[in-house]
Amino acid sequence: MKKFLTLLKIEGKLSLRCIDSIFFGVCMPVGIMILIGLIDGQNPTTSDAGTTLIQSSFGALATVGICATAFMGIPLTIADYRDKKILKQFFVTPVSPTMLLWVHAIINMLLSVVSALLIYAVAKTFFGYEMMGSKLAFMGSYLLVMISMYSLGLLIASLCRTVKTANVVCSVVYFPMLFLSGATIPFEIFPKSLQTAAAFLPLTQGIKLLKSSSLGLETSPLIPLVVLFGSLVIGIILSMRFFRWE
Amino acid sequence: MEISIEVKNLNKHYGNRIAVNNLNLTVKKGEVFGLLGPNGAGKSTTIDCILGLKSFDNGSVRVLGMDPTKERKRLFERVGVQLQSSSYQGNIRVGEICEEMAALYRSPANYDDLLAQFKLDQYQKQPVAKLSGGEKQKLSVLLALIPQPEVLFLDELTTGLDTEARRAVWDVLIDLKEKGLTLFLTSHYMDEVEVLCDRICIINRGHALVTDTVPELIKRSPYQRLEDAYLWVMKEEIAV
């Protein structure tokens with residue numbers, strides 16, 4: 001346990017030292033929340049009555065931190081550590097290199113939770129946001145979306161042999177997920193055809209789940225749950241099959 | 001006589017290429033053993049097989065009587081390793097990498113003392129990336145000493161070091177040798193091998209050409225210096 005905490009402390013410091021994870025994971029979603037609040041916060045959304053834009057966006061914005069850590073932080077760190085033979089070096093110590101992966105999983109979880117809490121604090125303090133649905137259901141959904149997306153991030157790290165390919169794949173996955181899943185731009189304003197296509201993104205389903213739990217909607221969570229658990233299982237199985245330590 | 005490292009009939013190939021061909025090595029406790037050979041001879045592959053980092057076709061490996069793949073955690077409490085051209089986490093500082101390595105062991109060495117011994121103590125707060133090539137190399141040897149190892153593996157230990165730094169590393173190693181450390185190293189510098197090694201093995205294309213003590217090998221060759229004797233062995237490819 002002491003080993004784990006020391007690693008967490010040092011690797012955590014290293015993560016905080018690189019600005020991009022903080023910027024994309026924390027600053028950007030908080031900024032978007034402020035923007036939405038300033039533009040249109042108190043007004044009701046066009047389609048569904050009774051909810052403000054802030055209320056309907058909260059669930060989506062809360063996933064931006066997950067997106068940044070799952071599709072940037074985790075795969076890029078693993079690819080980099082593998083490339084630099086840091087994972088290999090851990091094989092010749094009494095500690096398993098798996099511990100290093102867990103340390104980074106925890107760091108990224110903390111980062112995305114901090115991001116979500118900050119968004120919540122900003123929305124509540126400045127724009128009078130209240131969650132209509134059950135907070136517990138929301139937290140459960142959030143956790144599921146997070147581990148499901150992290151398993152996909154691990155899969156990217158497993159399939160990409162070099163830092164260069166990991167960089168390309170992360171950009172190709174991260175930006176569409178960010179803009180098409182509804183995480184930043186409200187899904188409802190997309191044209192119908194784009195909505196159909198975007199519905200195939202796992203994060204879109206995750207956001208649907210978070211949205212309905214934050215709004216307390218009675219929609220069936222079946223499809224989102226199937227997609228999220230499916231991604232989780234497939235991500236983990238394929239990662240175990242293809243993961244390389246060096 | 002206690003045996004620290006024992007390699008029997010080690011074979012390893014990559015595709016069609018034979019990397020290690022029926023290699024036999026025995027390193028006694030307290031001995032400094034040098035594995036020599038040109039680039040691509042199979043030195044690093046041999047070390048990787050001994051450490052359990054690479055699987056091999058057949059043969060057996062024992063370090064301190066243990067199988068490195070099966071008893072990894074127990075073994076590496078007592079074994080230090082410097083891998084060839086190691087690199088570190090981006091923007092990690094010298095003190096932090098030492099603290100991180102020390103945290104992995106049950107009874108680590110005091111790394112402040114080691115930093116002072118290697119004259120790296122003034123760089124504690126500096127990013128590792130900002131160190132010069134020689135200082136980085138010294139740091140990699142230092143990190144391998146953090147477990148207070150009984151057996152130490154050093155792959156190309158002084159590549160890139162200046163004369164003074166090389167001497168400093170040698171002094172630390174000779175000192176540890178007197179305290180009973182077993183050392184397994186690879187090197188391209190024959191003066192270094194003459195200073196440090198009790199026994200050497202010269203390999204080429206995965207094949208052991210000679211295994212002998214340094215004075216014996218020189219005596220068997222028509223030359224007076226190890227470097228000439230080494231080149232003679234490589235040229236003759238005499239298998240002994």
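The preceding data block contains the structure.
Residues numbered from 1 in each chain as written. Chains lettered and ligands numbered in written order. Predicted model: local features only at pLDDT ≥ 70, side-chain atom pairs only at ≥ 80, totals over all residues.

**Q** Can you walk me through the environment of L183 of chain B in this structure?
**A** Residues and elements named next belong to chain B. Tracing the sequence through the fold places L183 in strand β7 (residues 182–186). Residue classification places L183 among the buried positions, given that 25 C-beta atoms sit within 10 Å. Along the backbone, L183 and M66 are 117 residues apart, and their C-alpha atoms lie at a distance of 17 Å. (Helix = DSSP H or I, 4+ residues; strand = E, 2+ residues; numbered from the N terminus. Buried ≥ 20, exposed ≤ 12 C-beta atoms within 10 Å, placed from the backbone.)

**Q** What am I meant to see in the packing of helix α2 (residues 19–40) of chain A against helix α4 (residues 64–83) of chain A here?
**A** Axis angle and axis distance: for two packed helices, these are the angle between their axes and the distance between the axes, and together they describe the pair. All names here are of chain A. At a minimum axis distance of 8 Å, the contact between α2 and α4 shows a crossing angle of 165 degrees. Classified by the angle their axes make, α2 and α4 are roughly antiparallel. Crossing of α2 over α4 shows right-handed handedness. Residue-level contacts link S21, F24, G25, V26, M28 and P29 of α2 to V64, G65, A68, T69, M72 and G73 of α4. Grouping the constituent residues of the contact of α2 with α4 by class yields seven nonpolar, five polar and no charged. (Axes fitted to C-alpha atoms, helices over the stretch in contact; angles between N-to-C directions. Parallel < 35°, antiparallel > 145°, perpendicular 65-115°, else oblique. Left-handed = near helix turned anticlockwise from the far one by under 90°. Contact = placed C-beta atoms within 7 Å. Nonpolar A, V, L, I, M, F, W, Y, C, P; charged D, E, K, R; others polar.)

**Q** Explain unusual backbone geometry here, please?
**A** Keep in mind that most residues, glycine aside, have a negative phi and that most peptide bonds are trans. Residues and elements named next belong to chain B. Phi is positive for N22, which is not a glycine, with a value near 50 degrees. Position of N22 relative to the elements: it lies in strand β2 (residues 17–28). Judged by the 14 C-beta atoms lying within 10 Å of it, N22 is partly exposed. At R205, a residue that is not glycine, the phi angle is positive and equals roughly 45 degrees. Relative to the helices and strands, R205 resides in the loop between β8 (199–204) and β9 (207–213).

**Q** Just checking my understanding: could you explain the sheet that holds strand β4 (residues 58–63) of chain B for this structure?
**A** By definition, the strands of a sheet pair up through backbone hydrogen bonds, in either a parallel or an antiparallel sense. Residues and elements named next belong to chain B. Strand order in this open sheet of three strands is β2-β1-β4, and the pairing throughout is antiparallel. Among the strands making up the open sheet, the edge pair consists of β2 and β4. The sheet shows a mean angle of 15 degrees between the axes of neighbouring strands, direction not considered. Taken together, the eight bridges between strand β1 (residues 3–14) and β2 define a ladder with antiparallel strand orientation. Along β2, the bridge assignment pairs H13 with I18. (Pairing = 2+ DSSP bridges.)

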